[in-house]
Structures are given as C-alpha cells and as structure tokens.
Amino acid sequence: MDNNSTFRQLITRMMKYWKMYVVLLITTIIGIVSDLSIAWILSVAINFAVDINNANWTFFIYAGLGLLLIIGINSYLDTYVKAKVSLNVRNDLRMELSHHILRLPQSYYDKHHTGDILARFTNDINSVGEACGTTIMGLIKNPLLSLAAFIYLLTIHWQLALICITLGSLMLVSGKVFGKLMRNTSDRLQHKVGSSVQFLQDICNSSMVIKTFGLEKKLFEKYREKSNEIVSLERSQGIIFGATASSSFIIGNLTFLLSVFMGSYLIATGSVGIGEMIAFVQLMNYLVTPFMGLPALWAGMQQALGGAQRVFDVLSEPTEKAQVPSEGRSPSSFKYLRCSNISFSYPEVKERNILNEVTFTAHSGQLIAVVGASGGGKSTLFKLLLGFYQPTKGNIQINDVDINEMSLRELRDYFALVPQETQLFTGTIRENIAYGNNSATDDDIIAAAKQANAYEFIIQLSEGFDTQIGERGSRLSGGQRQRISIARAIIRNAPILLLDEATAALDNESEWLVQDAIAKLMSDKTTIVIAHRLSTIQNADQILVMESGCIVERGNHEELLALQGRYYSLYEKQLKNELPVEYERTVL
C-alpha cells in the first residue's frame with residue numbers, strides 16, 4: 001500500500017467530520033487575518049508615533065484589545081475542535097478495527113501475534129488521530145499564512161519579499177528529503193515497537209513459568225536487545241528531526257538577517273518607513289516560521305501515515321463474516337454429523353496434508369473419541385468442524401446439509417466447546433458463564449453452575465457470582481476455571497459438544513469434579529472428544545485412532561483391544577505408566 005492510497009483511505013474517514021474541518025478552516029482563516037492585522041496595527045501606530053501625529057490612540061488601544069479577544073476566542077475554538085476531531089477519528093478507527101478483527105478468520109490469529117494487533121490499537125491509532133487534527137491543519141495553515149504574509153510583503157517592498165520567499169522555499173525541499181527518511185525510519189520503528197509489545201505480552205502471560213525456570217535474566221537480556229533496537233531507530237529519528245530543525249533554523253535566520261540588513265539600508269535611504277519596516281519584520285515571522293515548521297509537520301504526517309498503513313493492512317484482511325453476528329440459537333433438532341473423505345493442508349504448507357481421507361459419522365447422542373499422538377490432526381479436525389478452515393477435499397454434513405451451505409453462525413450454533421486450555425474473560429463469574437447464552441437468567445446461570453459442580457465453590461467466595469476472576473481467570477484454580485468453562489457450555493445447550501479433554505493437568509479431586517461435570521454435560525449431547533487419557537473413553541460408541549492425519553483404526557474399546565494394534569499399544573503403554581491411586585495420594 002503506497003502513501004497515496006493510505007492518504008486517500010485516511011481522508012475518506014476524516015470526511016465524516018467535514019463540518020468540523022469547515023470550522024477549522026474558518027478558524028485558520030481568522031487566525032491568519034488576525035496575525036496580519038497585528039502587523040498592520042504595529043505599522044500604522046509606529047508611523048504615527050514617528051511622525052508625531054495626533055492620532056486617535058484610543059482607537060489603537062481598543063483595536064488591539066479587540067484583536068487580542070478575537071485571537072483568544074479563535075485559538076480556544078481551534079484547539080478544541082482539533083482535539084475533538086482527533087479523538088473522533090481515533091475512536092472510529094478503534095471501532096472499525098475491533099469490528100473487523102472480530103470477523104477475521106481463525107487463520108489470521110494462527111499467523112499473527114495478538115501483541116502486534118494491540119500495538120496497532122494503541123501506538124498506531126494514536127499517531128493517526130494526532131495527524132488528523134493538529135498535524136494536517138498545520139500543513140494547511142502554514143502555507144496559507146506564508147502566502148498571505150508574502151502578498152502583504154509585496155505591498156511594502158517586493159524585492160525583499162521575493163528574496164524571503166525564495167529562501168523560505170528551500171525549507172520545502174529539505175522537508176521533502178527528510179520527510180522520506182522519516183517515513184522509512186518510522187515504519188521500521190513501529191514494527192520494532194510492535195515486536196516488543198508482543199514479547200512483553202508473552203512475558204506477562206507466562207510469569208509462573210518464567211519464575212519457576214529462572215528465565216528472568218535471559219528474557220531481560222532479550223528485551224534489552226529489542227529495546228536497544230528501538231533506541232537505535234529513535235536515535236536515527238532524532239538525527240533526522242535534528243537535521244530538519246537545523247536546516248530550517250539556518251535558512252530561516254539567514255532569511256531574517258538578510259531582510260533586516262536590507263531593510264535597515266532601505267530605511268537609511270528613505271525607501272521605506274520605520275513603521276513599514278517593523279511590519280516587515282513581523283510579517284517575516286509569519287513567512288519564515290511556517291516554513292520552518294513545515295518539515296517537522298511533514299515528518300509527523302509521514303509517521304502517522306506509517307501507522308495508518310499498519311491499521312489499514314489489518315482492515316484489508318478478508319473476513320469470514322460481513323457483519324459481527326448476533327448471538328445465535330441452538331438448533332431445534334440434530335440427527336447426525338458426517339465427515340466424508342476430508343483432507344486438509346494449511347496454506348503455508350500445501351505440500352503436506354494435516355488430514356487425509358478422514359471419514360466418520362456421529363449420530364445423535366453418541367460419544368466419539370479421537371485419540372493418537374500429538375500432531376496427528378486431532379485439533380485440526382475440530383477447526384474444520386467449526387468452520388475455521390475449509391477442507392481441501394471432501395465434505396462435512398449436518399442433517400443432510402453440507403456445512404458450506406450454512407452461514408457460519410448457523411453452523412457454529414450446533415456446537416459447544418470445552419478446550420483443554422480454559423479461555424475465560426476478565427470480568428465476573430456470572431458474566432463468563434452467561435457468555436454461553438446472553439439471554440440466560442440468573443436462575444439459568446445458577447443451574448448451570450450446579451450442574452458443572454461449580455456452585456459450591458462460587459458461593460464460598462466473598463462476592464459469589466460477582467467475583468472478579470482476573471486476567472484469564474488467574475484468581476481461580478485450574479479445576480475451578482474448567483468448571484466455569486463447562487458451565488458456559490452447559491448454558492449454551494448446543495446439540496454437539498466438542499471436548500478437548502480438560503482433566504490432563506488437574507489434581508485428583510479437581511479431576512473427579514470436572515469429570516463428573518463433563519458426564520452431566522454429555523448426558524444428552526452428541527460428543528466428540530479428543531482423548532489424552534484412554535481410561536476416560538472406554539464407554540465411547542466409537543474410537544478413532546489417528547496417525548499422521550489418517551484414521552488408522554476405529555471401533556469401540558473392546559474391539560480395538562482385540563485387534564492388538566495401535567490402540568492396544570497406546571492403552572498398554574498408558575496403563576503401565578499410571579501409578580496406583582493410593583500411591584499418588586501418598587506422594588501428594
């Protein structure tokens with residue numbers, strides 16, 4: 001995406017507030033006229049004083065006070081509207097970006113770090129908002145003020161005016177050169193800042209592992225490297241800013257000194273009066289100072305365009321839905337789910353299939369277990385069932401309807417998910433359970449908590465269902481988090497339960513409570529479970545053994561043991577590795 005395209009997209013969003021920009025143009029024009037009026041009053045007043053003219057000094061006093069009042073009111077309105085339009089554009093971009101990322105496919109999140117998205121929400125959008133107010137109006141006002149001052153200067157002494165405008169124009173050249181350098185540096189800096197935010201997010205989300213494994217120093221050194229890279233780019237940015245300011249300062253003061261020397265000569269020769277010369281000096285400020293500020297403004301706009309481009313890059317990503325969908329409803333009937341010869345490979349590694357010719361049917365009320373070593377394609381199967389990815393071959397049907405013929409909301413309404421790694425949201429226990437069904441009543445929430453074996457521990461908390469659970473449920477134990485997750489699935493009341501076995505990392509007591517809650521949840525559901533402990537799926541109607549994306553064995557527990565194949569080998573290995581319960585309790 002080039003600068004022009006980025007700027008056009010930004011202008012499109014800014015035009016939503018065209019009335020505010022009309023106000024800003026008016027305040028800009030009033031500001032320019034006020035500045036020139038100061039030069040005119042100074043010129044006339046000094047000429048009267050030099051000529052010992054009995055002018056009406058009361059007029060100059062009132063005119064000066066009136067002008068100051070106008071400048072004050074205009075400056076307040078100008079500043080207020082700039083701030084308002086900036087915050088409106090920032091808010092619109094945040095809303096647009098949040099609306100967009102909620103509709104992005106799972107493949108986007110699989111490829112991008114959430115820390116990078118957060119950096120675009122913060123640093124990038126803030127810089128864009130500033131540019132849409134102060135920066136862009138500065139880029140409009142400064143040339144207009146310089147042009148108006150130049151026209152006024154022409155009426156005083158056109159030769160001096162031409163010299164000033166010629167030297168002042170050199171600043172535009174330096175601004176263009178340094179602006180391009182600033183854009184390149186800003187792009188690199190924003191990427192590095194985004195990378196550091198990703199790294200910090202990983203640190204904040206892994207504090208227990210970091211402390212346990214003593215990774216503090218190692219991670220600090222890694223962050224130091226990232227910070228040093230940012231410092232290096234900021235230093236380069238500072239050098240560019242310094243060079244820009246320095247060149248502007250030199251050219252501006254050269255222009256000013258030259259005009260003063262020539263002006264003094266013209267006064268001595270009687271070509272201009274002292275009042276005109278004072279006005280000329282004042283106008284010089286209005287001519288040269290805006291030129292001096294333009295390179296910095298241009299560099300700031302380039303930096304903002306870099307941030308805007310990063311935001312628009314996300315907004316250009318294709319979404320899986322046209323709009324953020326409303327909450328769905330559980331389907332009234334479910335007969336079966338059938339996968340027919342489905343194969344799948346991720347776009348980045350098309351030469352290797354993650355799933356190969358997978359076929360099975362789950363009828364209403366059945367328990368289907370999927371087992372096998374890590375990397376066999378079990379989790380990918382869940383992603384296909386939920387419509388996160390499309391099979392590269394084969395099809396998936398629910399009740400004789402291909403899922404490609406359903407809307408994603410319609411498809412996902414068939415499922416409830418209990419992942420192995422519990423995903424809760426910052427907020428209260430009540431809110432997290434209700435996310436399963438936002439129309440649920442308090443009685444529904446309590447009933448779901450009881451069925452999930454969560455009610456007893458919830459009511460023992462000081463604030464009960466209104467207890468804040470912390471980031472990702474950090475204030476709850478692993479078993480408590482899983483039971484909240486199960487309660488969320490219960491209240492959803494979807495006909496198909498996808499269960500990535502949730503007890504692998506729990507102690508004995510928590511495991512029993514969670515297993516009991518899962519059993520209640522499964523009682524009237526069609527369940528497809530990724531099983532890590534084979535002892536938990538002995539009652540499954542069908543067990544699918546997967547290796548390298550293929551179903552290598554299928555049947556119930558007894559049938560698979562009788563085959564003495566891959567399932568038998570896995571079962572025997574787990575059985576030998578499991579310690580007696582009495583021994584486990586002794587050790588604990």
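Up top is the structure.
Residues numbered from 1 in each chain as written. Predicted model: local features only at pLDDT ≥ 70, side-chain atom pairs only at ≥ 80, totals over all residues. Heavy atoms only, no water.

Draft legend 1. Inspection of the overall build of the chain at higher detail. Counting its regular elements, the chain contains 19 helices and 10 strands. Counting the 588 residues in the chain, one finds 45% classified as buried. Relative to all contacts within the chain whose residues are 6 or more apart in sequence, the contacts with residues 24 or more apart total 79%. Accessible surface, the chain: about 30,100 Å² in total, of which carbon and sulfur atoms supply 57%. (Helix = DSSP H or I, 4+ residues; strand = E, 2+ residues; numbered from the N terminus. Buried < 20%, exposed > 50% of the residue type's maximum accessible area, 1.4 Å probe, protein only. Contact = heavy atoms within 4.5 Å. Areas by Shrake-Rupley, 256 points an atom, 1.4 Å probe, with all protein chains shown as cover.)

Draft legend 2. Here's a closer look at a nonpolar patch on the surface. On the surface, a cluster of nonpolar side chains totalling about 530 Å² of accessible area is made up of M15, W18, V22, I26, I30 and I70. Within the secondary structure, I70 sits in helix α3 (residues 57–101). Overall, the relative accessible area of 44% leaves I70 in the partly exposed class. (Patch = residues over 30% accessible without salt bridge, like charges linked within 9 Å, V, L, I, M, F, W, Y side chains within 5 Å. Salt bridge = Lys/Arg side-chain N within 4 Å of Asp/Glu carboxyl O.)

Draft legend 3. Layout of the packing of aromatic side chains. All chains considered together, the criterion is met by nine aromatic pairs. Ring geometry for Y108 and Y109: centres 5.9 Å apart, planes at 90°, overall edge-to-face. Take Y108: its relative accessible area is 4%, and that puts it in the buried class. Between the aromatic rings of Y567 and Y571, the centroid separation amounts to 6.3 Å while the plane-to-plane angle is 15°, which identifies the pairing as stacked. One end of the pair, Y567, and the other, Y571, are both in helix α18 (residues 566–577), four residues apart, so they sit about a helical turn from each other. Three or more aromatic residues joined by ring pairs form one cluster here, namely F344, Y346 and Y389. The lysine or arginine in question, K450, covers the ring of Y455, its NZ or CZ lying 4.9 Å from the ring centre. (Phe/Tyr/Trp six-rings, centres within 6.5 Å; stacked < 30°, edge-to-face > 60°. Lys NZ or Arg CZ within 6 Å of the ring centre and 35° of its normal.)

Draft legend 4. Highlighting the nonpolar core. Grouped together as the largest cluster of nonpolar side chains are 54 residues, with contacts concentrated most on Y21, L36, L97 and L283. Take this core: its biggest share by element is 18 residues, from helix α9 (residues 274–315). What L283 contacts, discounting residues up to four positions off in sequence, is L36, A39, A149, Y152, L153 and I156. By size, the runner-up hydrophobic cluster in this structure holds 43 residues, among which are I433, I445, A452 and F465. (Core = buried A, V, L, I, M, F, W, Y, C linked by side-chain atoms within 4.5 Å.)

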